[in-house]
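# Coordinate inspection notes
Residue strings, one per chain:
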Amino acid sequence: MAFTDLLDALGGVGRFQLIYTALLLLPCSLLACHNFLQNFTAAMPPHHCRGPTNHTNATTNDSGAWLRAIVPLDQLGAPEACRRFTEPQWALLNPNTSVHGVATESCKDGWVYDRSIFPSTIVMEWDLVCEARTLRDLAQSLYMAGVLAGAAVFGSLADRLGRKAPLVWSYLQLVVSGAATAYFGSFTAYCAFRFLMGMTFSGIILNSLSLVVEWMPTQGRTVAGVLLGYSFTVGQLILAGVAYLIRPWRWLQFAVSAPFLVFFLYSWWLPESSRWLLLHGKSQLAMQNLQKVAAVNGRKEEGERLTKEVVSSYIQSEFASVRTSNSILDLFRTPAIRRVTCCLMVVWFSNSLAYYGLAMDLQKFGLSIYMVQALFGIIDIPAMLVATATMIYVGRRATVASFLILAGLMVIANMFVPEDMQTLRTAQAALGKGCLASSFICVYLFTGELYPTEIRQMGMGFASVNARLGGLAAPLVTTLGEFSTVLPPVSFGATSILAGLAVCFLTETCNVPLVDTIAAMERRVKEGRSKKDAEEKSEEISLQQLGASPLKETI
């Protein structure tokens, strides 16, 4: 008997599972706000050099004729963002006058920002423009580095301390670091606290997913995984609305962090995973939690009949054959596992790189950033519905490969759309982002089915690390646009197509039983090759017989 049989006896997917899942997915939806928060807190407004302070006219507003006298115009007729005349060109106060070959210099007295859309951002506050422009992308990369570090720290703590304790701490850490980010006035402090916030992303996602899956019977896990994906979609829509209503970046930062104080308070009452408790010899506490579950699900009598011996008997069968000494080398030790791991490294890294490369640079489309954010969230809904259907009826491999290749082609094709066709560019990018979001959800399931039980958790963790590396690299690839505007889209599109091709080397897992050991997986692969070789040999013999038939002689 398996532990899921016990959950079925206590009500299956009952009231407890629904409430528990909702309480854990609500923080996940707001957590998505932090992933894309820098689209608004670090928005780049139009700007130009401030006029020299040693001129009497500098006290006037740097606009109109005065602006023409101090800042040269670019090819589009807009003020240069990073250069000004060394001396004001008073002749340019006459709009019919032009000058050529006049010396310019960098913005020694700071910048003037257009505050019509964003009253304040970190770009305005710390002048992250021109030579310091790359620091804006560095801040996002440090956040992603925190996500990577959090996966290692909180993943290890979850195995030793349980799922609940790291989750409760992550909620508290996010509240404190989010408030500190909004309060302190140093860019260094901002980056440090954003790193800590990134760590909490991993702590919340990994432990929330583990708790939902470990309390959910088998028939409810697929739905729970899909709901997790939709919680991120809801979070993106929430961010678009909150950012539209709250424009100053510090108040926006605080607004999306403060709700986690509520999550921190009610998380104390969430029960720990009974699976983890039983695995670590805490059968009494596990039994008490299961009795509470039974009472909530209307199965109080079944819960009262539980004993420590009965509960322990359900879990023993699941852990009796699990190895206790697995290492990361097991992911590369045998040919079949090595091929799976190498292909998934490419898929997870490339998927994350392209996804965050598209989703973290919304201003380039030239439309309302709030509308684009909402569009990028809404497109995930039909895309994930299509992905779910194709995974069931077509297969995992074809679904993931198709979405990745289609996304890559859309990103590259967007390079050839004229910049004045902003609506088409945005719609095409939104479809590409929807494909990448769908492939992300699919590859989570696909990865879990590809690895055998004894190294499945390790394989999922290793794949997640590669995704975090892709997210970390995405802002750095975006900075390549400073040298050539074609480099970022080519990089994002090419890696996505490469990942789609890598998926073709993986084995289809739709309607295929999961394997439990590495040895069993190697046997399955060898049997599959032997069967394929036998079919090819049989087909070759049939063709030879056809070639020697009387039919050929009569032709």
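In case you missed it, the structure is sitting above this.
Residues numbered from 1 in each chain as written. Predicted model: local features only at pLDDT ≥ 70, side-chain atom pairs only at ≥ 80, totals over all residues. Heavy atoms only, no water.

### Focus: the overall build of the protein
For the protein, the helix and strand inventory stands at 24 helices and four strands. The long-range fraction of contacts in the protein, counting pairs at least 24 apart against all pairs at least 6 apart in sequence, stands at 78%. Accessible surface, the protein: about 25,900 Å² in total, of which carbon and sulfur atoms supply 64%. (Helix = DSSP H or I, 4+ residues; strand = E, 2+ residues; numbered from the N terminus. Contact = heavy atoms within 4.5 Å. Areas by Shrake-Rupley, 256 points an atom, 1.4 Å probe, with all protein chains shown as cover.)

### Considering the side chain of asparagine 414
Of note, asparagine 414 is situated in the loop between helix H19 (396-413) and helix H20 (422-450). Taking relative accessible area as the criterion, asparagine 414 reaches 9% and is therefore assigned buried. (Buried < 20%, exposed > 50% of the residue type's maximum accessible area, 1.4 Å probe, protein only.)

### A closer look at the environment of glycine 162
Mapped onto the elements of the fold, glycine 162 is located in the loop between helix H6 (134-161) and helix H7 (164-183). Linking glycine 162 and histidine 280, residues 118 residues apart in sequence, is a C-alpha distance of 9.2 Å.

### Notes on the packing of helix H17 (residues 369-378) against H20
One way to put it is that H17 packs onto H20 with a least axis distance of 8 Å and a crossing angle of 40 degrees. One element, H17, and the other, H20, form an angle in the oblique class. Relative to H20, H17 is oriented so that their crossing is right-handed. Judged by residue contacts, Val372, Leu375 and Phe376 of H17 engage Thr426, Ala429, Ala430 and Lys433 from H20. Its residues assigned to classes, the contact of H17 with H20 comprises five nonpolar, one polar and one charged. (Axes fitted to C-alpha atoms, helices over the stretch in contact; angles between N-to-C directions. Parallel < 35°, antiparallel > 145°, perpendicular 65-115°, else oblique. Left-handed = near helix turned anticlockwise from the far one by under 90°. Nonpolar A, V, L, I, M, F, W, Y, C, P; charged D, E, K, R; others polar.)

### What about the pattern of salt bridges?
One pass over the structure, following the stated rule, counts six salt bridges. Salt-bridge contacts for glutamate 125 lead to arginine 250; the nearest nitrogen and oxygen are separated by 2.2 Å. You can see glutamate 125 sitting in helix H5 (residues 122-126) and its partner arginine 250 sitting in helix H10 (residues 249-257), a full 125 residues away along the chain. Measuring nitrogen to oxygen at the nearest pair gives 2.8 Å for the salt bridge that ties lysine 433 to aspartate 380. Residue lysine 433 is found in helix H20, and its partner aspartate 380 is found in helix H18 (residues 380-393); the two are separated by 53 residues along the sequence. With a relative accessible area of 0%, lysine 433 lands in the buried category. (Salt bridge = Lys/Arg side-chain N within 4 Å of Asp/Glu carboxyl O.)

### A closer look at the packing of helix H16 (residues 335-359) against helix H22 (residues 487-503)
In the contact formed by H16 and H22, the axes pass within 8 Å of each other and the chain directions differ by 150 degrees. One way to sum up the angle between H16 and H22 is to call them roughly antiparallel. For the crossing formed where H16 meets H22, the hand is left-handed. In contact with Cys343, Val346, Val347, Ser350, Leu353, Ala354 and Gly357 of H16, H22 contributes Phe492, Thr495, Ser496, Leu498, Ala499, Ala502 and Val503.

### Describing a nonpolar patch on the surface
On the surface, Leu480, Phe483, Val486, Leu487 and Val490 cluster together to form a nonpolar patch covering roughly 430 Å² of accessible area. By the secondary structure assignment, valine 490 is in helix H22. Judged by relative accessible area, valine 490 falls into the partly exposed class, the value being 36%. (Patch = residues over 30% accessible without salt bridge, like charges linked within 9 Å, V, L, I, M, F, W, Y side chains within 5 Å.)

### Topic: the state of the cysteines
A full pass over the atoms with the stated rule returns two disulfides. Shown here is the disulfide that connects cysteine 82 with cysteine 130, its sulfur atoms set 2.0 Å apart. Its S-S torsion of approximately -100 degrees makes the covalent link between cysteine 82 and cysteine 130 left-handed. Of this pair, cysteine 82 sits in the loop between helix H4 (64-70) and strand E2 (84-85) while cysteine 130 is found in the loop between H5 and H6, placing the two residues 48 residues apart along the sequence. (Disulfide = S-S within 2.5 Å.)

### Overview of H20
Its 29 residues give H20 an end-to-end C-alpha distance of 41 Å, which sits within 8% of 42 Å, the value for a rise of 1.5 Å per residue. With respect to burial, H20 is a largely interior element, 22 of its 29 residues being buried. (Expected span 1.5 Å × (residues − 1).)

### Description of the packing of aromatic side chains
Per the stated rule, a full pass over the model turns up 24 aromatic pairs. An aromatic cluster is present here, built from Phe36, Trp348, Tyr355, Tyr356 and Phe440 joined pairwise through their rings. Over the aromatic face of tyrosine 143 sits the side chain of arginine 194, whose NZ or CZ is 4.3 Å from the ring centroid. (Phe/Tyr/Trp six-rings, centres within 6.5 Å; stacked < 30°, edge-to-face > 60°. Lys NZ or Arg CZ within 6 Å of the ring centre and 35° of its normal.)

### Topic: the environment of isoleucine 246
Tracing the chain through its elements places isoleucine 246 in the loop between helix H9 (218-245) and H10. For isoleucine 246, a relative accessible area of 26% puts it in the partly exposed group. In sequence terms isoleucine 246 and proline 119 are 127 residues apart; their C-alpha atoms lie 9.9 Å from each other. Ignoring anything within four residues of it in the chain, the contact list for isoleucine 246 reads Trp251, Leu252 and Ala255.

### What to know about unusual backbone geometry
Of note in the backbone geometry, aspartate 127 takes a positive phi value of approximately 50 degrees without being a glycine. Backbone geometry places cysteine 130, a non-glycine residue, at a positive phi of 55 degrees.

### A closer look at the environment of phenylalanine 263
The residue phenylalanine 263 is located in helix H11 (residues 259-267) in this model. Since its relative accessible area comes to 4%, phenylalanine 263 is described here as buried. Each C-alpha atom of the pair phenylalanine 263 and valine 175 lies 9.7 Å from the other, and the pair is 88 residues apart in sequence. When sequence neighbours within four positions are dropped, the list of residues in contact with phenylalanine 263 reads Leu26, Pro27, Leu30 and Tyr171.

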